[in-house]
Amino acid sequence: WARGDHPAAQRMARRFECLGVRAARREWQLLAPLRDAGFSDASGVVPGPAELAAVAALRPPDHCEVLVTGPEVSGAVWFDPKADERTEHGTAGRIVAVLGPDEVRAGLVAAAMAALRERGLRVAAIAVDAEDRALARTCRLLGFRHDRTDIEYIVGPVHAGPGSAEVT
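Residues numbered from 1 in each chain as written. Predicted model: local features only at pLDDT ≥ 70, side-chain atom pairs only at ≥ 80, totals over all residues. Heavy atoms only, no water.

### Remarks on the confidence of the model for the protein chain
Low-confidence regions, as indicated by low pLDDT, have predicted coordinates that should not be scrutinised in detail.
Consideration 1: Put simply, the protein chain has an average pLDDT of 81, and 77% of its residues get 70 or more.
Consideration 2: Mean pLDDT per element in the protein chain: helix α2 (residues 49-56) is the minimum at 59, and strand β5 (residues 123-129) is the maximum at 96.
Consideration 3: Below a pLDDT of 50 lies the segment residues 163-168, which in the model reaches seven contacts outside its immediate sequence neighbourhood of four places, other chains included. (pLDDT = per-residue confidence, 0-100. Helix = DSSP H or I, 4+ residues; strand = E, 2+ residues; numbered from the N terminus. Contact = heavy atoms within 4.5 Å.)

This is the structure we're talking about:
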């Protein structure tokens with residue numbers, strides 16, 4: 001992973017492209033200030049025993065707190081109020097994962113933001129896959145701003161062209 005997609009990582013990928021190095025995935029690191037107002041449409045609840053059983057099947061991230069959409073779990077958000085990520089705006093808690101249909105993710109992200117604010121944090125951080133346009137839009141509407149772009153580079157097979165042997 002190139003954190004912040006440093007120009008040196010881009011040069012390395014171009015230089016070694018003939019050996020199979022390529023960009024595989026982009027993630028946008030987003031930050032949002034946690035102000036007093038703005039989370040009125042938060043729709044997440046602390047799960048009870050039945051909801052926890054349903055959420056456990058989703059393979060939750062370790063060491064995170066979780067909020068769900070309600071008794072009929074159609075979505076969940078995991079957040080880490082102890083992430084202690086330093087930003088120029090203060091210490092951030094991280095929204096680690098949000099699962100569910102697009103129509104419930106906005107409420108879950110807003111609920112996680114409210115929960116982070118209740119724990120005294122001033123900033124929320126989230127990583128959004130650059131291909132997930134719906135979540136990126138939701139985050140923008142909730143006040144998140146782009147902080148940096150991280151790019152995962154992988155080494156894969158080299159396809160030299162027609163009639164050439166494949167190098168791996």
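### Examining the nonpolar core
Consideration 1: One finds I95, V109, M113 and F144 to be the most contacted residues of the largest nonpolar core, which totals 26 residues.
Consideration 2: Looking at this core, the elements with two or more residues in it are β1 (21-33), β3 (76-87), β4 (90-99), α3 (102-118), β5 and α4 (133-141).
Consideration 3: Looking at this core, the element that brings in the most residues is α3, giving nine residues.
Consideration 4: In this structure F144 touches L30, L31, A32, I95, V109, M113, A124, A125, I126 and C139, once residues within four positions along its chain are discounted. (Core = buried A, V, L, I, M, F, W, Y, C linked by side-chain atoms within 4.5 Å. Buried < 20%, exposed > 50% of the residue type's maximum accessible area, 1.4 Å probe, protein only.)

### So, the pairing of β3
Consideration 1: Bridging between strand β2 (residues 65-68) and β3 involves four bridges; their strand directions are antiparallel. Residue pairing in the sheet places E65 in a bridge with F79 of β3.
Consideration 2: Looking at chain direction, β3 and β4 are connected through eight bridges and run antiparallel. Looking at β4, one finds that E85 is bridged to A92. (Pairing = 2+ DSSP bridges.)

### With respect to the sheet that holds β1
Consideration 1: Read across the sheet, six strands follow the order β2-β3-β4-β5-β1-β6 without closing on themselves; strand pairing throughout is mixed. Strands with a single pairing partner mark the edges of an open sheet, and in this sheet they are β2 and β6 (145-155). Direction aside, the axes of adjacent strands within the sheet are offset by 30 degrees on average.
Consideration 2: Bridge count for β1 against β5 is seven bridges, and the pairing is antiparallel. (Axes fitted to C-alpha atoms, helices over the stretch in contact; angles between N-to-C directions.)

### Considering unusual backbone geometry
Consideration 1: Phi angles above zero are rare outside glycine, and D84 is one such case at about 50 degrees.
Consideration 2: In this structure, D84 sits in strand β3.
Consideration 3: The exposure class assigned to D84 is partly exposed, which follows from its relative accessible area of 47%.

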